[in-house]
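Chains, contacts and geometry: an overview
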Amino acid sequence: MPSGSEHHQTRSFLRQRFDEVGLHPKTRYGQNFLIDLNLQHLLIEAAELTRDDVVLEVGTGTASLSVLMAPQVAALVTVEVDTQLHQLASETLADLPHVDLLRQDILKNKNTLNPEVLRVVTERVREEPGRQLKLVANLPYNVATPIISNLLLTEIVPCSMTITIQKELADRIMASPRSKDYSALSVWLQSQCRIELIRVLPPTVFWPRPKVSSAIIRLTLEPERRREITELRFFHDFVRAIFLHRRKFLRGVLVATLKPQLDKPAVDDLMASLAFGETTRAEELDVPAMLRLAEAVRARLPQASLTQHD
């Protein structure tokens, strides 16, 4: 099998290689391979890799990104759920001792990352002082949101995430209050990260071509902002609960979400303390306002837990 990274980038190479082993891209795994070598380099350059970095890559594919990143970092943990692709990638990565190629699903379930993957990542980060974790990946579309969201709840939090995702998801991540794309994900990520759009990608730079545009974005953790969140898990769950009914009046959403821990008079008092009007909606609150609301709620609850009502 060719070892030069350039041989992994073209549509013709992928088709030939896949035909040799009887492999076809699987839509259920979100397999769309980035075939533009310049964009692969752009993705890696945007990640600003160093010798102190441990990189987590999700969606190894044929290891085209892996072989470009491996020489630049302390360790690479790359995850591939597809058995045949894992075998292909292993032929390329077999002689790289600082690369862990895991045949795993990155998700244990919808809201939880695979503990085995996290164990390997944690071990690699703790092998040497000063190491830091970065997520760098052409993320499969179908798992991008839970990966990005849940990595910020893990014990080893990435200092940055440089990724290709659907343009629609990038829009949601970067959205402003009162816009159609503003969501719990927007608040959760913006509360802790600086977010930059690196490049919008047309479908033609992937094989097979997706039906939508994509984007390279970089999320850089800002520890000072993250420390402003008293309890991360509570804030994460609270924002999700509030945005279940983003267009309804906030008062009614809070009454339903906090029942039976806080009654209506207590909710009214809480809103008055924050100068929120009766017609305030969740979609109108910017990140600082949502942080103030979450902390005010948390401080009033006998236990920091929520009851969510659909």
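First things first, this report covers the structure right here in the doc. Remember, it's a predicted structure, so these values are computed and weren't measured experimentally.

So, about the overall build of the protein. What the protein contains, in helices and strands, is 13 helices and 11 strands. Across the 310 residues of the protein, 54% fall into the buried class. Taken as a whole, the protein presents about 14,300 Å² of accessible surface, with 48% of it coming from carbon and sulfur.

Strand β2 (residues 53-58) sits mainly inside the fold: six of its six residues count as buried. Of the two faces of β2, the one holding Asp-53, Val-55 and Glu-57 and the one holding Val-54, Leu-56 and Val-58 are both buried throughout. Bridge count between β2 and strand β7 (residues 132-138): four bridges; the pairing is parallel. For Asp-53, the partnering residue across the bridge sits in β7 and is Gln-132. Relative to strand β3 (residues 75-79), β2 is paired through five bridges, and the arrangement is parallel.

This part takes up the sheet that holds strand β9 (residues 193-201). In spatial order, the strands read β4-β3-β2-β7-β8-β11-β9; together these seven strands make up an open sheet with mixed pairing. Across the chains shown, the open sheet's two edge strands, defined by having one partner strand only, are β4 (99-102) and β9. The average angle at which neighbouring strand axes cross in this sheet is 20°, direction not considered. Along the sheet face, helix α7 (residues 167-174) touches β8 (160-166), β9 and β11 (214-221) and points at about 130° away from the line of β8.

Turning to unusual backbone geometry, a few remarks are in order. A cis amide bond links Trp-207 to the next residue, Pro-208, at an omega of -10°. Mapped onto the elements of the fold, Pro-208 is located in the loop between β10 (206-207) and β11. A cis geometry characterises the amide bond from Lys-259 onward to Pro-260, with omega recorded as 5°. Considering the arrangement of structural elements, one finds Pro-260 in the loop between α11 (250-258) and α12 (264-273). A positive phi angle, close to 75°, is found at Arg-178, a residue other than glycine. Relative to the helices and strands, Arg-178 is located in the loop between α7 and α8 (184-190). In the Ramachandran plot, Ala-275 falls in the positive-phi region, its phi being about 60° despite a non-glycine side chain. Residue placement: Ala-275 occurs in the loop between α12 and α13 (287-300). Note on Ala-275: relative accessible area 70%, which makes it exposed.

Quick notes on the rules
Residues numbered from 1 in each chain as written. Predicted model: local features only at pLDDT ≥ 70, side-chain atom pairs only at ≥ 80, totals over all residues. Heavy atoms only, no water. Helix = DSSP H or I, 4+ residues; strand = E, 2+ residues; numbered from the N terminus. Buried < 20%, exposed > 50% of the residue type's maximum accessible area, 1.4 Å probe, protein only. Areas by Shrake-Rupley, 256 points an atom, 1.4 Å probe, with all protein chains shown as cover. Pairing = 2+ DSSP bridges. Axes fitted to C-alpha atoms, helices over the stretch in contact; angles between N-to-C directions. Contact = heavy atoms within 4.5 Å.

Function cannot be read off these values alone, since they describe shape.
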